[in-house]
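# A closer look at the structure
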Amino acid sequence: MIKLKNIWKEYKIDKDNTFTALKKIELTIQKREFTAIIGSSGSGKSTLMHIIGLLDRPSQGEVSIHDKNTSSLDDSEISKLRNEYVGFVFQQFHLINNLTVFENIILPARYSRKKLEYDPKEKAFELLHRFGLTDKKMYYPNKLSGGEQQRVAIARALIMNPELLLADEPTGNLDSKNGEIILDILKELNKKDNLTVIVVTHDKTVSNRARRSIQLKDGQILSN
Amino acid sequence: MNYFNFILQSAYDDLRRNKIRTFLTSLGILIGVAAVVLILAFGLGLKVFITSQFQGLGTNLIFVLPGRVLSQGGGGFRPGAGTLGGIRFDEKDVLSLKRIEEIEYVVPYSVKTVQVQSKGKSEIADIRGTTEDDSVINNAEMDQGVFFARKDVEKKSKIAVLGQTIAEKLFESSELGLGKTIRVENHRLKVIGILKKKGDLSHNADSSIFIPYTSAFVFNQDKKFFDIHIQLRDYKEIEKVKEKIKQTLLKRYKEDDFSVIEQTEILDTIGSILNAVSLLLVALGAISLIVGGVGIMNIMYVSVTERRKEIGIRRAVGATSQDILWHFLVESVLLSLFGGLIGLGLAFIIVFFIQKFFPAYIDLNSIMLALGVSSLIGIVFGVFPAKKAADLSPIDAIRYE
Ligand SMILES: Nc1ncnc2c1ncn2[C@@H]1O[C@H](COP(=O)(O)OP(=O)(O)OP(=O)(O)O)[C@@H](O)[C@H]1O
Ligand SMILES: [Mg+2]
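Residues numbered from 1 in each chain as written. Chains lettered and ligands numbered in written order. Predicted model: local features only at pLDDT ≥ 70, side-chain atom pairs only at ≥ 80, totals over all residues. Heavy atoms only, no water.

Another aspect to go through is the packing of helix α3 (residues 101-110) of chain A against helix α5 (residues 146-158) of chain A. All names here are of chain A. Across the interface, α3 lies against α5 with an axial gap of 7 Å and an inter-helix angle of 30 degrees. One way to sum up the angle between α3 and α5 is to call them roughly parallel. Remark: the crossing between α3 and α5 carries right-handed chirality. Within the contact between the two elements, α3 uses Val101, Asn104, Ile105 and Pro108 and α5 uses Val152, Ala155 and Arg156. Among the residues forming the contact of α3 with α5, the class breakdown is 5 nonpolar, 1 polar and 1 charged. (Axes fitted to C-alpha atoms, helices over the stretch in contact; angles between N-to-C directions. Helix = DSSP H or I, 4+ residues; strand = E, 2+ residues; numbered from the N terminus. Parallel < 35°, antiparallel > 145°, perpendicular 65-115°, else oblique. Left-handed = near helix turned anticlockwise from the far one by under 90°. Contact = heavy atoms within 4.5 Å. Nonpolar A, V, L, I, M, F, W, Y, C, P; charged D, E, K, R; others polar.)

Given below as structure tokens:
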């Protein structure tokens, strides 16, 4: 369902120098796969995630979704795809602190231009319930524990019923117990809800549990 | 919640979260809008004032007033300056002025503010003692009854002609007043006439009571007049006659004790002063609006920087760069409009109090202009920061801490 063809990402450092964060990436991810991306710090894992999730564009190469090349899409088309098709979970949670838990979760639906076939409010309540956050719905994120914040972030990622869930070190800021809970949720979403999940992680136990793991080194795929 | 409500709500929430900042930022627009609306209000009032002056008064009038009203050399008009402290004219002045051949009417006025009683009602009014010629030079139109005649002046008749407003105040309705008796300081006066409404603001005719000046001497025991109005046979001779009047009065008074001015002169000077003041206010208003706009722009830039990460998050969950543009643009328009509304409110309050002394009106055009201008400023000064926010790359924005 996702196909990366000859992806390069270069950053301009100054006038004469560029830094190549991704080199010649070829990658295909099938529907309902659970994939782990591993690699040392600076190897380009986040950069790759952002490109897969249409948050960033490659300097060169093609990202296709369902065989549709995205490189010719303009900002509003890309944003629409990102909105409907991808859910992001970040290491730093990235919740908006002056919105309540409920408002954070429903935020992607606010930006949706398509007529949803379900009521996003009901869906938000469902997700709150599912992740044990019902009594926290009027809280502001900075009053929540890290584990709770990450569950809010997952609920937000799911509000649009995306096909693809991208988690960039989702347990990186959590203790092992809470990290375990989050990983179980991701597993469950993959198994029960049939989501395609890609997780970036340093954690060997996670990558070992994943069916597929991709190792990056210096912007290149080392093993697949 | 539809898209429009969502954008509006987000902007509103952000402004509400930073109440003090919102208020201070909108202050420039507030002052600017208030100033502009007030200028328009005064402009309208001035128009009404001048029109009423020309309608209410006869033409070709020269006023003789105590004190220095116009400063030397045709300079500015100082309203009320010196008019209270100066001399008082008397019947001898009236007689000597009547001897100037180009003059047709010489009409003296005594003025006293008194408590007037009718059956069960008590009001404050100006008693103006004058001659029957007042009705001629001021083109007095009667609503009911008649103006008093020369013989009433000679016989010191205890009669009165009421302005429309005071008649309405003293009697349930002005029609009931005719033939009734009013009491002023233990003197009874019979109402023989009621004037039509004039809207004459300078002489306050609508709320004045006119009686023969001879009868008014019971209220002014020094038998003096406050001012004298003069009508010419031929307006072309006005400069010459003014000089003759001055020479006549200089035999008895010092130069600084009185002023001889034309009606149009007063209007001209009032007009030019108000124009100058308006210009000043327009400049102040415009500067304030621009400064206010720059203030908004500044704060919006700060806000874009502060909320960079939030912008990144919104982009990550699917906001288009257009959505981000709207967020910030709507916020700056709301901010500016908020200032505009408060400024408008302030102008309404000021006009409400000032109307007691000077006519000023806020019409629909001023309201629309105020709101239009403040929205426009919000757009013009908000669009650059909003563009900056919209153009942020999502990834750079979300990485920002
Ligand atoms: N905007 C940028 N400008 C220049 N260099 C960048 C930029 N963004 C990322 N890089 C570089 O690209 C490389 C890959 O970054 P990336 O964030 O993908 O690493 P990562 O594998 O996610 O690392 P970590 O495990 O520490 O999160 C890094 O060396 C980083 O310094
Ligand atoms: Mg990373």
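One frequently used descriptor of interface size is the decrease in accessible area upon assembly of the parts. The partner chain A presents 22 residues to the 22 residues of chain B that form the contact. Taking both partners together, chain B and chain A bury about 2,200 Å²; carbon and sulfur atoms supply 58% of that area. Between B:Asp323 and A:Arg113 there is a salt bridge, and its shortest N-O distance comes to 2.5 Å. For the pair chain B and chain A, the interface holds 9 residue pairs in polar contact (both at pLDDT 80 or more). Counting only elements with at least two residues in the side of chain B that touches chain A, the list comes to α1 (3-17), α10 (308-316), α11 (321-354) and α13 (394-399) of chain B. The dominant element in the side of chain B that touches chain A, judged by the number of residues it contributes, is α10(B), at 6 residues. Among the residues making up the side of chain B that touches chain A, the classes are represented as 10 nonpolar, 4 polar and 8 charged. (Buried area = accessible area lost by both parts, 1.4 Å probe. Salt bridge = Lys/Arg side-chain N within 4 Å of Asp/Glu carboxyl O. Polar contact = N/O pair within 3.5 Å; in protein donor to acceptor, adjacent residues only side chain to side chain.)

Residues and elements named next belong to chain B. Where strand β4 (residues 142-145) and strand β7 (residues 187-195) come together, 3 bridges link them in antiparallel fashion. By the bridge assignment for β7, methionine 142 is matched with leucine 195. Across 4 bridges, strand β5 (residues 159-162) lies against β7 in parallel orientation. Across the sheet, residue leucine 162 finds its bridge partner in β7, namely isoleucine 194. In this structure, the hairpin formed by strand β6 (residues 181-184) and β7 is closed by a connection of 2 residues, where glutamate 185 is found at a positive phi of approximately 45 degrees. (Pairing = 2+ DSSP bridges.)

One pass over the full model with this rule turns up 28 salt bridges over all chains. Where A:Lys5 meets A:Glu62, a salt bridge forms, and the shortest distance between an N and an O atom there is 3.8 Å. Taken together, the residues A:Lys5 in strand β1 (residues 2-12) and A:Glu62 in strand β4 (residues 60-65) connect sequence positions 57 residues apart. By relative accessible area, A:Lys5 is classed as partly exposed at 44%. The partner of B:Lys242 in a salt bridge is B:Glu262, and the shortest N-O contact between them spans 3.2 Å. With B:Lys242 in helix α8 (residues 238-250) and B:Glu262 in strand β10 (residues 258-262), the pair connects residues that are 20 residues apart, well separated along the chain. Of the two residues, B:Lys242 and B:Glu262, both sit in the buried class. Through salt bridges with shared partners, a single ionic network connects B:Asp14, B:Arg17, B:Arg307, B:Glu310, B:Arg314 and B:Glu331. (Buried < 20%, exposed > 50% of the residue type's maximum accessible area, 1.4 Å probe, protein only.)

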